[in-house]
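Structural features, examined
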Amino acid sequence: MSAALFSMMPDTSPMPVEGPSVMGQLAAFVFIGAAGAAGFVALSSLASQVTGSESSLLNALCYAVLIGPVYLAHRRFSFQSDLPHSHALPRYIGVQLMALALVTLFSYLVYSILGMTSVVAATLVIALTSGLNFAVLRGWAFAHRAPVVLFQLRPIAHE
């Protein structure tokens, strides 16, 4: 085929598929997080009524039950990641453990050090923890590219 005819043909090459915008990811993240929180409240309330107990262990079990569904929802809708579960799930659990540590640290700072009122302090703790959680999930746990390497060990060459 001549170059002139070839140049007149429409371009049928597939367009690269772009992921969701950061704002779209953030909106889905907030919605799924709110749904997960509402699910936790409902499940722990139901479990407390059924068992007649309001223990921290019961609440921890209710939270644990929701880790899987919330992980799957974030993977599919918030970040639209196709990273294998063998990579994404351990990272997600690591981020959740980090979030628990951050909630503890931020709570100590805003209640004990800054002496904020409960509503303001709780709102600030949720905002700080959720913001960092979103950034780490987006940039590492569900990221399509290889994670950033902070340092790399190299073997020492013997001469």
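The model shown is predicted, which means the values in this text are computed figures rather than measured ones. Residue numbering note: each chain is counted from 1, following its sequence as written. In view of the model being predicted, local features appear only for residues whose pLDDT reaches at least 70, and side-chain atom pairs are presented and counted only at 80 or more, with totals across whole chains, interfaces and linings using the full set of residues. Derived side-chain values reflect all non-hydrogen atoms in the structure, with water molecules and hydrogen atoms excluded from consideration.

1. Quick look at the overall build of the protein
The cut-off we apply is this: A helix here means a DSSP run of H or I that spans at least four residues, while a strand means a run of E at least two residues long, and both kinds are numbered starting from the N terminus. The rule is simple: take the accessible area with a 1.4 Å probe, protein chains only, and divide by the maximum for that residue type; under 20% is buried, over 50% is exposed, in between is partly exposed. Residue contacts are counted whenever heavy atoms from the two residues lie within 4.5 Å of one another. Accessible surface area values rest on a Shrake-Rupley calculation with a 1.4 Å probe, where residue burial reflects the displayed protein chains alone.
A tally of regular secondary structure across the protein gives five helices and zero strands. Taken from N to C terminus, the helices and strands of the protein fall in the order α-α-α-α-α. The buried share of the protein, taken over its 159 residues, is 25%. Taking contacts inside the protein between residues at least 6 apart in sequence as the whole, the part at least 24 apart equals 60%. In the structure as shown, the protein presents an accessible area of about 11,500 Å², 71% of it carried by carbon and sulfur atoms.

2. A few points about the environment of Gly-94
Of note, Gly-94 is situated in helix α4 (residues 85–113). Sequence spacing of Gly-94 and Ala-141 is 47 residues, and the spatial spacing of their C-alpha atoms is 8.7 Å.

3. A short note on the packing of aromatic side chains
Operational definition: Side-chain rings of Phe, Tyr and Trp, where Trp is taken by its six-membered ring, are said to pair if the distance between their centres is within 6.5 Å; with planes under 30 degrees apart they count as stacked, over 60 as edge-to-face, and otherwise as tilted.
Inspection of every chain in the model, using the stated rule, returns eight aromatic pairs. Each ring, one from Phe-40 and one from Tyr-63, has its centre 6.3 Å from the other, and the planes form 75 degrees; the classification is edge-to-face. Placement of the pair is Phe-40 in helix α2 (residues 22–51) and Tyr-63 in helix α3 (residues 56–78), with a sequence separation of 23 residues. Here Phe-40 falls in the partly exposed class, since its relative accessible area comes to 23%.

4. Things to note about unusual backbone geometry
At Gln-80, a residue that is not glycine, the phi angle is positive and equals roughly 40 degrees. Structurally, Gln-80 is set in the loop between α3 and α4. Judged by relative accessible area, which is 42%, Gln-80 ranks as partly exposed.

5. Digging into the nonpolar core
Our working rule: Among the buried residues, those of types Ala, Val, Leu, Ile, Met, Phe, Trp, Tyr and Cys that are joined through side-chain atoms within 4.5 Å form a nonpolar core.
In terms of nonpolar packing, the biggest core is built from 14 residues, with Phe-79, Tyr-92, Leu-137 and Phe-142 touching the most fellow members. Of all the secondary-structure elements, those providing two or more residues to this core are α2, α3, α4 and α5 (118–141). When neighbours within four sequence positions are excluded, Phe-79 is seen to be in contact with Gln-25, Phe-29, His-74, Phe-134, Leu-137, Arg-138, Phe-142 and His-144. In terms of nonpolar packing, the next biggest core, distinct from the first, is built from five residues, Phe-106, Val-110, Ala-121 and Val-125 among them.

6. Quick word on α5
Taken together, the buried positions of α5 are occupied by Ala-121, Val-125, Thr-129, Asn-133, Phe-134, Leu-137 and Ala-141. Lining the buried residues of α5 we find α2 and α4.

7. What to know about the packing of α2 against α5
Applicable threshold: The convention used is that axes are lines fitted to C-alpha atoms, helices contributing only their stretch in contact, and that angles between N-to-C directions extend from 0 to 180 degrees. By the definition adopted for this analysis, an angle is roughly parallel if under 35 degrees, roughly antiparallel if over 145, roughly perpendicular if from 65 to 115, and oblique otherwise. Each crossing is labelled by how the near helix is turned from the far one, with a counterclockwise turn of less than a right angle marking it left-handed and a clockwise turn marking it right-handed. Classification used: nonpolar for Ala, Val, Leu, Ile, Met, Phe, Trp, Tyr, Cys and Pro, charged for Asp, Glu, Lys and Arg, polar for all others including Gly.
One way to put it is that α2 packs onto α5 with a least axis distance of 11 Å and a crossing angle of 125 degrees. In this view, α2 runs oblique relative to α5, as classed from their interaxial angle. Crossing hand, α2 versus α5: right-handed. Together, Val-22, Gln-25, Leu-26 and Phe-29 of α2 and Ser-130, Asn-133, Phe-134, Leu-137 and Arg-138 of α5 make up the contact between the two elements. Here the residues of the contact of α2 with α5 sort into five nonpolar, three polar and one charged.

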